[in-house]
Amino acid sequence: MIRQTKVKTPRRPAPKKPSNTQKDPVGVYCRVRPLGAEDEECCIEVISNTTIQLHAPDGLKANRNGEYKETQYSFKKVFGIKTTQRELFEDVAKPLVEDLIHCKNGLLFTYGVTGSGKTHTMTGSPGQGGLLPRSLDMIFNSIGPYQAKRFVFKPDDKNGMEVQTQVDALLDRQKRDSQTSVPKTPSRRILDPEFADMISPEEAYKADGVDEDSSYSVFVSYIEIYNNYIYDLLEETPFDPIKPKWNGAGTPLRHNTEFIPPQSKILREDQNHNMYVAGCTEVEVKSTEEAFEVFWRGQKKRRIANTQLNRESSRSHSVFIIKLAQAPLDADGDNVLQDKNQVNVSQLCLVDLAGSERTSRTRAEGSRLREAGNINQSLMTLRTCIEVLRENQMCGMNKMVPYRDSKVTHLFKNYFDGEGKVRMVVCVNPKADDYEETLLVMRFAEMTQEVEVARPVDRPICGFAAGRRQRNQAFKEELTHRLEERGGPVDGESQTVLSQLLQSFPPLPPCEISGPNDDVTLPKLIEALEKRHKIRQMMIGEYNKTANMLKSILQEQDSNVLSKENFIQEQRGKLGEKDKMIQNQKNEIDRLEKKSKMLEYKIEILQKTTNIYEEDKRSLRHELESREQRLQREVSDKRRMEARMQGIVTDAKLKWEKECERRVNAKQLEMQNKLWVKDEKLKQLKAIVTEGKTENRQPHRPSREKDKDPPKRSASPSPVPTGPPVRPLHRRSHSAGGERWVDHKPTTNVDLDTVMQPNIPNAIKVTAPSEKALSKCDKYVLTHQEVASDGEIQTKLIKGEVFKTRGGGQAVQFTDIETLKQESPIPASRKRRSAETGPAQEGEPMEGDWTDVETRCSVAVEMRTGSNLGPGYQHHGYPKRKKP
């Protein structure tokens, strides 16, 4: 029964991955290729071994009005145009190969526009091998003596490895050798001249610290991602692109062979949540030449597929995967340990990304344009994933990274989640035509450097003692030496022992019988055979004695070995306990160190916070003191202002009291004088009214002054009438002065055809007031008509003064109102008292004389604002007081 040990990758069998807080940033390097022509314009300048500077081309400055400026970008290291492939490998890929041998994964990809040197950096040329052939050479130089035989490690179909026994591996090797289509690998391989002499012997590297007690096997696979589809470049097809059929004339019969396009592969997730290409061919290789020959076979198949399918190789991503399976040797140091927990599988992915130029530069049309758009979409998804990772790490967010939007990001998502180191080589072309694309590449590289990837955890250490392979090799050499000392080469040992045994027996007599009566030959032969039988029995007895003695010796040795093994097992148990104690102490020390660092960090934060608070306290105290001083100054200023304002108010109050008293006295004196003048006028009017009447009907009008005390006369001399009373003329309106007036008569007024009409000379007559008319005059009068309470129409002359405002306009302040009113004589005749009723009482005026029509028409009536008296009565009102 075939016994197989099935092991899954990655190297840790448990699905739960151990957490590791240590992180390393993505290593981003920059390589500048030489210009194609010396006179070509350059837009990149290497300032130092970590910084480059971009200059905008002159034509671009002219078109964009100098918008672009010189920008600098920093990298982990910058490789100039004189950098060799060896120097690049030492800094970029060599650490990844060392990690691969020590069971750690790695991802290395080149990024840049088409023609920037990505393929040359990854593959190289004869004499100038790139990162890929140098990595393979370093791997086989390091593990060459410790490689397992072919088919000891066998990949399964679920991203795992099967460890086979020596018998199963031998059967697989015999089956492979028996296949006529797969010839045996000759001792000296004839290399293809296209990739021969990639690496010179003096440039070979070898990793340090290789575990000699482990056995190794290398598996390679080569895939291509085109138009977001995955193709296996090592998958065997009916048409062999490497060895086509030839006709008699020596030309290939490609036109007679139907090309079968490759089938796309799908991505799957294994039980440890790692992504892999399902059904991808994995080839076990035993040397650098064989591995690179497999790679070159995939390259040729890729070229033929591109030619047959009419597509560009620069618009696809190529991924070369190197898997290294290793397992420790058993206790004897002869065979691989049949323990799945001790088998480790690590891989290194070398990715050559497609060119990252815009679709407008590709000059593609139709399906080519769509394919270019898909390639750009995959690169855009890579940028988006990097940007989301950076944002999550810098801002403490937990956004979902869109790995599944592209096959490239979905395949390598485990690396960004902490499954290995990630490094990127940015290849740039310094020519001016690629300036804008190079600028985008630099921005992406600058953003990628800020992403941190968890550091991979070291593999578990095997519990066997070190040096097992060396001891087994020394034992074999010693055994071979002893056998050679005993009698020749090891291969002739059995022949030597057989010849010695035959010589120790007595020689046989002649066996020829002369006739049927020959009684001598047979007895001699029987006697010789009996002697030989006795000698044989004696030798068997001696052999048994020797075997028993050897058996007792071996039993004794076995007992000694068993006791020693028990002692060793006991010591191992004690050693394990000590190791556990040491590990526990180390864990405790690590925990205390972390706690100490955390406390130191907290103390530092608290000290910084205390300093900030102290500084805030001092600033707030200083601000409080300044505000208190300012408040005291404001309070003192307020007190002084209150005292000052109180004095000003007191002075103003006294001043206005005196002014008011003076004005009141003046107004009283003026009103007394006016009252006296009106009284005199009333007396004269009374005399005029009573003139021409009969003596027996002397009118007597009640007067207000008879019932009152005589008013106080002013000190000014009163005018004394010198002659008979004369009927005074009607007092002229104030509007008859020499001022310039604006006569405002609305169009709605009704012409009454009265004898007395308001007539203002030199007046500007308007139907609506305007600023132009007001600016030319000093006075303003509005003629307004309304219906009185008795149904008659009365006319009001509203007068005012025109003055200029501060804004440069004109304003009117109304000062007086004159009223012109008509009355019908019919209602007055009804109220007139009849003369036949009897004479009037003494001292009572006759109403008929006063209300006569002729008398009324001959008297001018003047009414002022606020008058409540009837017609014929003169109102002594005060003019409206102006504000001081």
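It should be emphasised that the depicted structure is a prediction, and the values quoted were computed from it without experimental measurement.

**Q** Is there a simple way to explain helix H15 (residues 521–690) in this structure?
**A** Between its first and last C-alpha atoms H15 spans 221 Å; for 170 residues at 1.5 Å apiece the expected length is 254 Å, and the helix comes up short by more than 12%. Every buried residue of H15 is listed here: Thr521, Leu525, Ala528, Met671, Trp676, Asp679, Glu680, Ile688 and Val689.

**Q** What is the right way to look at the sheet that holds strand S6 (residues 71–74) in this model?
**A** Hydrogen bonds between backbone groups are what pair the strands of a sheet, and the pairing can be parallel or antiparallel. The strand order across the open sheet formed by three strands is S4-S5-S6, and the pairing between neighbours is antiparallel. Of all strands in the sheet, those bounded by a partner on one side alone are strand S4 (44–46) and S6. Across the sheet, the mean angle separating the axes of adjacent strands is 25° when strand polarity is ignored. By the bridge criterion, three bridges tie S4 to strand S5 (residues 51–54) in an arrangement that is antiparallel. Paired with valine 46 across the bridge in S5 is isoleucine 52.

**Q** Teacher, can you tell me more about the nonpolar core here?
**A** What tends to happen in soluble globular proteins is that the nonpolar side chains get buried as a cluster. Formed by 55 residues in total, the largest nonpolar core has its most connected members in Ile52, Phe75 and Phe412. Broken down by element, the residue count for this core peaks at seven residues, all from helix H12 (residues 435–448). When residues no more than four places from it in sequence are discounted, the contact partners of phenylalanine 412 are Leu107, Val319, Cys349 and Val351. In terms of nonpolar packing, the next biggest core, distinct from the first, is built from 44 residues, Ala93, Leu96, Leu132 and Ile322 among them.

**Q** What is the right way to read unusual backbone geometry from this model?
**A** In this model, asparagine 159 sits at a positive phi of 65°, which is unusual for a non-glycine residue. Summarising the element assignment, asparagine 159 is placed in the loop between strand S11 (153–155) and strand S12 (160–164). Unusually for a residue other than glycine, asparagine 228 sits at a positive phi of about 65°. Locating asparagine 228 in the fold gives a position in the loop between strand S13 (214–226) and strand S14 (229–232).

**Q** Just to check I follow, could you spell out the sheet that holds strand S26 (residues 793–804) for this structure?
**A** Pairing within the open sheet is mixed, and its five strands lie in the order S24-S23-S25-S26-S27. At either end of the open sheet lies a strand with only one pairing partner, and these are strand S24 (763–766) and strand S27 (810–821). Taken pair by pair, the neighbouring strands of this sheet meet at an average axis angle of 25°, ignoring direction. Two strands pair when backbone bridges link them, and strand S25 (residues 779–787) and S26 are joined in this way by nine bridges, in the antiparallel orientation. Looking at the pairing, leucine 782 lines up with isoleucine 798 of S26.

**Q** For this particular structure, what's the right way to read the side chain of asparagine 274?
**A** Counting through the fold element by element, asparagine 274 comes out in the loop between strand S16 (267–269) and strand S17 (275–277). Polar contacts involving the side chain of asparagine 274 include one to the side chain of asparagine 414, which spans 3.2 Å.

**Q** Explanation requested: the pairing of S13 in the structure shown.
**A** It is a general feature of regular strands that their side chains alternate between the two faces of the sheet. Of all 13 residues in S13, 13 are buried; the element is thus mostly enclosed. Relative to strand S18 (residues 283–285), S13 runs antiparallel, the two being bridged by three bridges. In the strand pairing of S18, valine 220 is matched with valine 283. Pairing geometry for S13 and S14, over four bridges, is antiparallel. By the bridge assignment, glutamate 224 is partnered in S14 with tyrosine 231. The antiparallel hairpin formed by S13 and S14 contains two residues in its connecting segment, where asparagine 227 sits at a positive phi of about 60°.

**Q** Can you walk me through the pattern of salt bridges in this structure?
**A** Oppositely charged side chains can form a pair if their charged atoms are brought close together. Counted by the stated rule, this structure contains 28 salt bridges. Here aspartate 91 ties to lysine 77 by a salt bridge, and the two come within 2.7 Å at their closest N and O atoms. Placement of aspartate 91 in helix H2 (residues 85–91) and of lysine 77 in strand S7 (residues 77–79) is noted, with a sequence separation of 14 residues between them. Between lysine 399 and glutamate 391 there is a salt bridge, and its shortest N-O distance comes to 3.0 Å. A network of salt bridges, in which partner residues are shared, links Glu659, Arg662 and Arg663.

**Q** What is the right way to read the packing of helix H5 (residues 131–143) against helix H7 (residues 288–309) from this model?
**A** If you want to describe how two helices pack, look at the angle between their axes and the distance between the axes. For the pair H5 and H7, the least separation of the axes is 9 Å and the interaxial angle reads 150°. Relative to H7, H5 is oriented roughly antiparallel. Crossing geometry of H5 relative to H7 is assigned as right-handed. Touching Leu132, Pro133, Leu136, Asp137 and Phe140 of H5 are Thr288, Ala291, Phe292 and Phe295, all from H7. Classifying every residue of the contact of H5 with H7 by side-chain character gives seven nonpolar, one polar and one charged.

Parameters and conventions
Just so you know, the residues in each chain are numbered from 1, in the order the chain's sequence is written. The predicted origin of the model limits local features to residues at a pLDDT of at least 70 and limits the giving and counting of side-chain atom pairs to 80 or more, whereas totals for whole chains, interfaces and linings rest on all residues. The side-chain quantities take in all heavy atoms of the structure and omit both hydrogens and water. Helix and strand labels come from DSSP, where a helix needs a run of H or I of at least four residues and a strand needs a run of E of at least two; each type is numbered from the N terminus. Expected helix span is given by 1.5 Å per residue-to-residue step, counting one fewer step than there are residues. Partly exposed describes any residue whose relative accessible area lies between the buried limit of under 20% and the exposed limit of over 50%, with all areas from a 1.4 Å probe on protein chains only and scaled to the type maximum. Think of it this way: DSSP has to see at least two bridges between two strands before they count as a pair. Note on geometry: axes are lines fitted to C-alpha atoms, helical ones only across the stretch in contact, with angles between N-to-C directions running from 0 to 180 degrees. Side-chain atoms within 4.5 Å are what join buried Ala, Val, Leu, Ile, Met, Phe, Trp, Tyr and Cys residues into a set we call a nonpolar core. Here a residue-residue contact requires only that any non-hydrogen atoms of the pair lie within 4.5 Å. Whenever a nitrogen or oxygen atom comes within 3.5 Å of another N or O atom, the pair is scored as a polar contact, on the condition that within protein one atom can donate a hydrogen and the other can accept it, and that pairs from neighbouring residues in sequence are kept only if both atoms are in side chains. By salt bridge we mean one thing: a side-chain nitrogen of Lys or Arg within 4 Å of a carboxyl oxygen of Asp or Glu. Throughout this description, any angle smaller than 35 degrees is read as roughly parallel, any larger than 145 degrees as roughly antiparallel, any in the 65 to 115 degree range as roughly perpendicular, and the remainder as oblique. By definition, any crossing whose near helix is turned counterclockwise from its far helix by less than a right angle is left-handed, and any crossing with a clockwise turn is right-handed. Each residue is assigned to one of three groups, with Ala, Val, Leu, Ile, Met, Phe, Trp, Tyr, Cys and Pro labelled nonpolar, Asp, Glu, Lys and Arg labelled charged, and all others, Gly among them, labelled polar.

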